[in-house]
Amino acid sequence: MLMTIDGVLNKDEVRQIRKHLDQSDWQDGTKTAGSLASGVKHNQQLDENASVAIELGNHILRRLGSHPLFISAALPERIYPPKFNRYSGGGHYGAHVDGAVMPLPGVHGTLRSDLSATLFLCEPDEYDGGELTIETAFGAQQVKLEAGDMVLYPSSSLHRVEPVTRGARVCSFFWIQSMVRDEGKRTLLFDLDQSIQSLTPRQPKGDGDILQLTGVYHNLLRRWAEV
Ligand SMILES: O=C(O)CCC(=O)C(=O)O
Ligand SMILES: [Fe+2]
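Described below are features of the structure shown in this document. (Residues numbered from 1 in each chain as written. Chains lettered and ligands numbered in written order. Predicted model: local features only at pLDDT ≥ 70, side-chain atom pairs only at ≥ 80, totals over all residues. Heavy atoms only, no water.)

Topic: the side chain of Gln45
Put simply, the test is: Strands here mean DSSP runs of E at least two residues long; helices mean DSSP runs of H or I at least four residues long; both are numbered from the N terminus. In what follows, a contact means two residues having at least one pair of non-hydrogen atoms within 4.5 Å.
Mapped onto the elements, Gln45 comes out in strand E4 (residues 44–46). Those residues in contact with Gln45 that sit more than four places away from it in its chain are Trp26, Gln27, Gly29, Thr32, Lys83, Phe84, Asn85 and Phe173.

Describing the site of ligand 1
The criterion, for reference: Proximity criterion: a residue is near a molecule or strand once any of its heavy atoms comes within 4 Å of it. Whenever two N or O atoms come within 3.5 Å, that pair is a polar contact, provided that in protein one can donate a hydrogen and the other can accept it, and provided that, for residues adjacent in sequence, both atoms are side-chain atoms. For the area figures, the Shrake-Rupley method with a 1.4 Å probe applies, and any residue is considered shielded solely by the protein chains shown. In this classification, the charged set is Asp, Glu, Lys and Arg, the nonpolar set is Ala, Val, Leu, Ile, Met, Phe, Trp, Tyr, Cys and Pro, and all remaining amino acids, among them Gly, are polar.
Contacts to ligand 1 come from Asn85, Tyr87, Tyr93, His96, Asp98, Thr118, Leu132, His159, Val161, Arg169 and Phe173. Within the contact set of ligand 1, an oxygen atom lies 2.9 Å away from a side-chain nitrogen or oxygen of Tyr87. Arg169 is positioned such that a nitrogen or oxygen atom in its side chain is 2.9 Å from an oxygen atom of ligand 1. Summarising the interface, the protein chains cover 97% of the accessible area of ligand 1, which totals 300 Å² for the free molecule. Where the shell around ligand 1 is concerned, the elements lending two or more residues are strand E6 (83–88), strand E7 (92–96), strand E15 (159–161) and strand E16 (164–178). In terms of residue class, the shell around ligand 1 is made up of five nonpolar, four polar and two charged.

A few points about the pairing of strand E12 (residues 132–136)
So the rule is basically this: Strands qualify as paired when DSSP identifies two bridges or more between them.
Pairing geometry for E12 and strand E13 (residues 139–143), over five bridges, is antiparallel. Residue pairing in the sheet places Glu135 in a bridge with Ala140 of E13. Here E12 folds back onto E13, and the loop between the two strands holds two residues. With three bridges joining them, E12 and E15 adopt antiparallel strand pairing. Within E15, the position partnered with Ile134 by the bridge is His159.

Some words on the packing of helix H4 (residues 183–199) against helix H5 (residues 208–224)
Using the following cut-off: Helix axes are fitted only over the stretch in contact, all axes being lines through C-alpha atoms; the angle between N-to-C directions runs from 0 to 180 degrees. Every angle not falling under 35 degrees, over 145, or within 65 to 115 is termed oblique; those three ranges are roughly parallel, roughly antiparallel and roughly perpendicular. Crossing handedness follows the turn of the near helix against the far one: under a right angle anticlockwise gives a left-handed crossing, and clockwise gives a right-handed one.
Interaxial distance between H4 and H5 falls to 10 Å at its minimum, and their mutual angle equals 160°. Considering the angle they form, H4 stands roughly antiparallel to H5. H5 is crossed by H4, and the crossing has left-handed handedness. Note on element contacts: H5 touches H4 through Ile210, Leu213, Thr214, Val216, Tyr217, Leu220, Leu221 and Trp224, opposite Lys185, Leu188, Leu189, Leu192, Asp193, Ile196 and Leu199. Its residues placed into classes, the contact of H4 with H5 shows 12 nonpolar, one polar and two charged.

Thoughts on the coordination of the iron ion (ligand 2)
Keep this limit in mind: Atoms are scored as donors when they are N, O or S and lie within 2.8 Å of the metal, with 3.2 Å used for Na, K and Ca; no water is included, so coordination may look incomplete. Here's how the labels work: a residue is buried when its accessible area is under 20% of the maximum for its type, exposed when over 50%, partly exposed in between, all with a 1.4 Å probe on protein chains only.
At the metal site, the iron ion (ligand 2) is ligated by His96 (NE2), Asp98 (OD) and His159 (NE2), and these contacts range over 2.1 Å. In terms of primary sequence, the donors binding the iron ion (ligand 2) are separated according to H-x1-D-x60-H. Pair noted here: Asp98 is in the loop between E7 and strand E8 (101–103) and His159 is in strand E15, with a separation of 61 residues, a long-range link. Both residues of the pair, Asp98 and His159, count as buried.

This is the structure we're talking about:
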């Protein structure tokens, strides 16, 4: 499932984050390209060990942790510390698939990438090009969101970032290991949860049917979650 999650950050937060990012040292992104991406990556990234990257990343993680739509859709078990990238002057990222298993920086342990995320930190009118093009079963989808909005898509998808021909595209990007690895099962749980959420305010408190549906949700999660 490819979905957008609006308002992960408000415009004030984006402004603050951009103020820090625009003053930061950006490195050539090819330095951190893994074997799957080498040769196709032409962008800039913030050093993931820089204190500014760690602090801004933690702020994004706090916002994600209290975002009901993100939790419902991703069922996160682990989130890679958010990274930051910048494309300008024709910068682009050719077609690739993200690595399946990544070492987590700073700790012993790894993350299996089930979902990939891009959180936009600039408005669409600040740059030309730069669409995130994701191949899906229904054809290629082009994504270019407002600042503060985020796209979530399966890490198994072939994707690319189109050349930025004017201005600069600044984003945060990261990966999520979900409690529910299987995309189809995760989508069923998301649909069930969203239906329960929309029915709940319309029914009397303690309604037996909603209670039963909520039980079904948790019992499916109990069967499918790997924690
Ligand atoms: O910049 C983006 O939106 C995606 C970046 C990306 O695909 C990656 O770093 O693997
Ligand atoms: Fe990628």
